[in-house]
Amino acid sequence: QVQLVESGGGLVQPGGSLRLSCAASGIIFSISTMGWYRQAPGKERELVADITRGGSTNYADSVKGRFTISRDNAQNTIDLQMNSLKPEDTAVYYCNAETTFRSYWGQGTQVTVSS
C-alpha cells in the first residue's frame, strides 16, 4: 500500500500563489510517476502536472508557465508551486502516485481563488 498526504490548500486572491505538497509513504519503492490532478464542481478530473522518477514533467496547457511541479525522491514528496492564480483554478487538487499495477490517490485539498 501507498499512502499520500497532501497539504497547502486554501483561499487565495487572484494573482496570488500557493504551494501544495504531497508526501508518500508505504511501499514507496514501487512508485514510478507522481502528479497532481484537479476536479472543479461539475467538471471531470483533469491532469494538472506530473513528473517521472527521472524528473521529466508534463503540464496541462492551462497551467503552463504558471505552475511548477517538483519531486524529491529521497523525501518521497512532490510539490506544486502555483503562481498567478486565476478563479478558474478553483478546484479540489489530488495527489497521484502510479505503480506497476494500480494508482493511488490522496484525499484532496481545496484550492479556492477568489477576491
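### Points about the state of the cysteines
Enumeration over the complete set of coordinates arrives at one disulfide. The residue that forms a disulfide with cysteine 22 is cysteine 95, at a sulfur-sulfur distance of 2.1 Å. Here the disulfide of cysteine 22 and cysteine 95 is left-handed, its torsion about the S-S bond being about -85 degrees. Separated by 73 residues along the polypeptide, cysteine 22 in strand β3 (residues 18-26) and cysteine 95 in strand β9 (residues 91-98) bring together distant segments of the chain.

### Re the packing of aromatic side chains
Evaluated as defined, the whole model comprises one aromatic pair. Centroid distance tyrosine 37 to tryptophan 105: 5.0 Å. Interplanar angle 70 degrees. Geometry classified as edge-to-face. In this pair, tyrosine 37 sits in strand β4 (residues 34-39) while tryptophan 105 sits in strand β10 (residues 103-105), placing the two residues 68 residues apart along the sequence. By relative accessible area, tyrosine 37 is classed as buried at 16%. The ring of tyrosine 37 has arginine 45 sitting right over it, with the charged end atom 5.5 Å from the ring centre.

### Details of the sheet that holds strand β1 (residues 2-7)
If you trace the four strands from one edge of the open sheet to the other, you get β1-β3-β8-β7, paired in antiparallel fashion. At either end of the open sheet lies a strand with only one pairing partner, and these are β1 and β7 (67-72). Direction aside, neighbouring strands of the sheet carry axes that sit 15 degrees apart on average. With six bridges joining them, β3 and strand β8 (residues 77-82) adopt antiparallel strand pairing. When the bridges of β8 are listed, cysteine 22 appears paired with isoleucine 78.

Reading the values: the criteria
Within any chain, residue numbers begin from 1 and follow the written order of that chain's sequence. Only residues with pLDDT of 70 or above have their local features reported here, since the model is predicted, and side-chain atom pairs are shown and tallied only from 80 upward, although totals for entire chains, interfaces and linings are computed over all residues. Neither water nor hydrogens contribute to the side-chain values; these are computed over all heavy atoms in the structure. For the purposes of this analysis, a disulfide is any pair of cysteine sulfur atoms at a distance within 2.5 Å. Only DSSP runs of H or I with at least four residues qualify as helices, and only runs of E with at least two residues qualify as strands; both kinds are numbered from the N terminus onward. Each Phe, Tyr or Trp ring, with Trp reduced to its six-membered ring, pairs with another whose centre is within 6.5 Å; inter-plane angles below 30 degrees give stacked pairs, above 60 give edge-to-face pairs, and intermediate values give tilted ones. Only protein chains enter the accessibility calculation, which uses a 1.4 Å probe. A residue is then buried if its area is under 20% of the maximum for its type, exposed if over 50%, and partly exposed in between. Placement of a positive charge over a ring is assigned whenever Lys NZ or Arg CZ falls within 6 Å of the ring centre and within 35 degrees of the normal to the ring plane. Strands pair, by our definition, only if DSSP identifies at least two bridges between them. Fitted lines through C-alpha atoms give the axes, limited to the stretch in contact for helices. The angle between two N-to-C directions lies from 0 to 180 degrees.

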